[in-house]
Amino acid sequence: MDNAELGVVIPSYLEGANITKLITAIGQFCPGAKIVVVDDSPNTETVDAVNAMNLQNVHSIHRKEKGGRGSAVIEGIRWVLDQGCTWVIEMDADFSHPPSQLPELLSEAKSKRLDLLIGSRYLPESRIDNWPLSRRIFSKCANTLARLLLQVPIHDYTNGYRVYSKGAANLVLTTCGKLGKGFIALSEILVNVYYRGLIVAEVPTKFTNRIRGQSSLNTSEISNAFVGLFRILKLKLELVSSEKKKCQTGNH
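In this report, the structure presented in the accompanying data block is examined. Since we're looking at a predicted model, the values are computed, not measured.

What counts and how
Residues numbered from 1 in each chain as written. Predicted model: local features only at pLDDT ≥ 70, side-chain atom pairs only at ≥ 80, totals over all residues. Heavy atoms only, no water. Core = buried A, V, L, I, M, F, W, Y, C linked by side-chain atoms within 4.5 Å. Buried < 20%, exposed > 50% of the residue type's maximum accessible area, 1.4 Å probe, protein only. Helix = DSSP H or I, 4+ residues; strand = E, 2+ residues; numbered from the N terminus. Contact = heavy atoms within 4.5 Å. Polar contact = N/O pair within 3.5 Å; in protein donor to acceptor, adjacent residues only side chain to side chain. Pairing = 2+ DSSP bridges. Axes fitted to C-alpha atoms, helices over the stretch in contact; angles between N-to-C directions.

**Let's talk about the nonpolar core**
One finds Ile77, Val88, Leu150, Tyr164, Leu190 and Val191 to be the most contacted residues of the largest nonpolar core, which totals 40 residues. Elements that contribute at least two residues to this core include exactly β2 (34-39), α3 (69-82), β5 (116-120), α5 (133-150), α6 (166-175), α7 (184-195) and α8 (219-251). Looking at this core element by element, the count peaks at 7 residues for α3. Excluding its chain neighbours within four sequence positions, the residues that come into contact with valine 191 are Leu150, Val152, Arg196, Ile232, Leu235, Lys236 and Leu239. Formed by 29 residues, the second largest nonpolar core is a distinct cluster that contains Leu22, Met91, Leu102 and Val203.

Have a look at this one:
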């Protein structure tokens, strides 16, 4: 498969010990893909490790302060689109998302002409390893609440293992990043893509809780996520109302 059209976006925070291994693994499964690491670490260890690889298809962006998952993804998407990529994959920097599944995800998205494909932790064939019960409960409750309120027909609103078409990626750049800068942006992106008429799907994935590096999730980000969820509910209602008005106008 030709991967010259593929861009991989990796948000990172204190991942100096992992990042070169991950980039090497991505290169094995998707040779030729363009890779951008968007790093919010307080030091340059991660970007120094990336730059030391001296690979033409790999780029790093150091933002010097923690801007959040959502803004990091948006900045990375902007960079890979500027490089001419027509498909974008977002993934974690800590091997939570298996690089070996990259070709499968890309093939599925292309063959079914999907705009957003999510590697889901909550399908019957999915698997979660090394996750404490407290994290499982929090994640499951957050996703159940999101599904109840937002009503996008998928099961995993908050996993960041995703494939975007060029159309969806451009939509993310123009409409997202306004309701929260952390993990809640994942649900904001999903709602914007789905309720603006693009095609969304999910497939099972294996999720391995981080065993390297330092977690970027904190209590502030958790509380902001719940506040952001209700902002996204407001967005969903606005998008639904807008679509109804378009339909009514088209019928006259």
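**Quick word on the side chain of glutamate 202**
Inspection of the secondary structure assignment puts glutamate 202 in strand β8 (residues 200-204). Here the side chain of glutamate 202 touches serine 120 through a polar contact of 3.0 Å, side chain to side chain. Within the structure, the side chain of glutamate 202 is placed 2.7 Å from the side chain of histidine 155, a separation counted as a polar contact. Excluding residues within four positions of it along the chain, glutamate 202 makes contact with Leu117, Ile118, Ser120, Leu123, Ile154, His155 and Asp156.

**Notes on the sheet that holds strand β4 (residues 87-90)**
One open sheet holds the 7 strands; their spatial order is β3-β2-β1-β4-β7-β5-β8, and the pairing between them is mixed. Edge positions in the open sheet fall to β3 (58-62) and β8, since each of these has one partner strand only. Between one strand and the next, the sheet's axes are offset by a mean angle of 20°, whatever the strand orientation. The pairing of strand β1 (residues 6-12) with β4 spans 4 bridges and is parallel. Residue leucine 6 lies in a different strand from β4, and its bridge partner there is tryptophan 87. On the sheet, α6 packs against β4 and β7 (162-165) and is oriented at approximately 95° with respect to β7.

**Quick word on unusual backbone geometry**
Of note in this structure, asparagine 54 is not a glycine but carries a positive phi near 55°. A relative accessible area of 68% places asparagine 54 in the exposed class.

**Concerning the pairing of β7**
Covered by surrounding structure in β7 are Arg162 and Tyr164 together with Val163 and Ser165, the residues of both alternating faces. Bridge count between β4 and β7: 4 bridges; the pairing is antiparallel. Paired with glutamate 90 across the bridge in β7 is arginine 162. One ladder, built from 3 bridges, connects β5 with β7; its direction is antiparallel. The partner of leucine 116 across the bridge, within β7, is tyrosine 164.

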